[in-house]
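Residues per chain, in single letters:
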Amino acid sequence: MDTIKDIIKGREIFTVESGTSVKAAVNYMAEKGVGLVPVMKEGKLVGVFSERDLVKRVIAKDKDLNSTLVDDVMSTNLVIAKINETTEQAMAKMKEAKTRHILIIDNDKLVGVLSVRDLLEIDLNQCKTTVEVLHNYIYSK
């Protein structure tokens, strides 16, 4: 079982500061190719802004992208995993919360963000390895 620590090692975290306009956040997300950014205030995690927040809380409510701040439309009900948890534990939390991203913390400090895609890729690689081992066992006789 891989721990989350193994997966996020060396990954960059893309965040925005509290007070950032939705337009600036969306441009940053597009530039970095991410669907969610943690929102930080004075080094502390205060929420997340996602594509879903953009659609439900900005576009659907006809808010101005330039004058609306992420603080006013971000999600604050956060799904969090500790860095030493397993990928299975993280996936279970995401499934229960019906979310596609999970924030990773270490000693109350944000250290990473994982998506369902990241965790499914790990699971798929583990399945491939199991299949190879079983194939080799069966056909080596």
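Relevant structure appears above.
All values derive from a computational prediction rather than experimental measurement.

Conventions adopted
- Residues numbered from 1 in each chain as written.
- Predicted model: local features only at pLDDT ≥ 70, side-chain atom pairs only at ≥ 80, totals over all residues.
- Heavy atoms only, no water.
- Pairing = 2+ DSSP bridges.
- Helix = DSSP H or I, 4+ residues; strand = E, 2+ residues; numbered from the N terminus.
- Buried < 20%, exposed > 50% of the residue type's maximum accessible area, 1.4 Å probe, protein only.
- Arc of directions from axis to C-beta.
- Phe/Tyr/Trp six-rings, centres within 6.5 Å; stacked < 30°, edge-to-face > 60°.
- Contact = heavy atoms within 4.5 Å.
- Axes fitted to C-alpha atoms, helices over the stretch in contact; angles between N-to-C directions.
- Salt bridge = Lys/Arg side-chain N within 4 Å of Asp/Glu carboxyl O.

> Tell me what's going on with the pairing of strand S3 (residues 44-50), and back it up with residues and numbers.
In terms of strand pairing, strand S2 (residues 36-41) meets S3 through six bridges, oriented antiparallel. Counterpart to Val-37 in the pairing with S3 is Phe-49. In sequence, S2 turns back onto S3 through a hairpin of two residues, with Glu-42 there showing a positive phi of about 55 degrees.

> Run through helix H5 (residues 87-97), naming residues and quoting values.
Along H5, the residues classified as buried are Thr-87, Ala-90 and Met-94. Looking down the long axis of H5, one finds its buried residues gathered within 65 degrees of arc, a one-sided arrangement. Along H5, exposed side chains directed more than 90 degrees from the buried face belong to Lys-95 and Glu-96. Residue Lys-98 follows H5 closely and has a positive phi angle near 55 degrees.

> Just give me the short version of unusual backbone geometry, but keep the residues and values in it.
Glycine aside, residues mostly have negative phi, and peptide bonds are mostly found in the trans state. With phi around 55 degrees, Glu-42 is a residue other than glycine that occupies positive phi space. Within the secondary structure layout, Glu-42 lies in the loop between S2 and S3.

> Describe the pairing of S2, listing the residues and the values that go with them.
Among the six residues that make up S2, five are buried, leaving the element largely enclosed by the rest of the structure. Where strand S1 (residues 16-17) and S2 come together, two bridges link them in parallel fashion. Residue pairing across strands places Glu-17 opposite Met-40, the latter belonging to S2.

> Residue-level account of the packing of aromatic side chains, with values.
Counted by the stated rule, this structure contains one aromatic pair. When the centroid spacing of 6.3 Å and the interplanar angle of 75 degrees are considered together, the rings of Phe-14 and Tyr-28 count as edge-to-face. With Phe-14 in the loop between helix H1 (4-8) and S1 and Tyr-28 in helix H2 (residues 22-32), the pair connects residues that are 14 residues apart, well separated along the chain. Residue Phe-14 is classed as buried on the basis of its relative accessible area of 18%.

> Give me the lowdown on the sheet that holds S2, citing residues and values where you can.
One open sheet accounts for three strands, arranged S1-S2-S3; its pairing is mixed. Every other strand in the sheet has two partners, leaving S1 and S3 as the edge strands with one partner each. Helix-sheet contacts for H2 involve S1, S2 and S3, and the interaxial angle to S3 is about 80 degrees.

> Provide a residue-level description of the pattern of salt bridges, including the pertinent values.
The tally for this structure, following the rule as stated, stands at four salt bridges. Ionic pairing is found between Arg-11 and Asp-118, a salt bridge with its closest N-O pair at 3.1 Å. In this pair, Arg-11 is assigned in the loop between H1 and S1 and Asp-118 in helix H6 (residues 116-139), connecting sequence segments 107 residues apart. Taking the relative accessible area as the measure of exposure, Arg-11 reaches 37% and is therefore partly exposed. For Arg-57, the salt bridge identified is with Asp-53, shortest N-O distance 3.0 Å. In this pair, Arg-57 and Asp-53 both sit in helix H3 (residues 51-59), four residues apart, roughly one turn of the helix.

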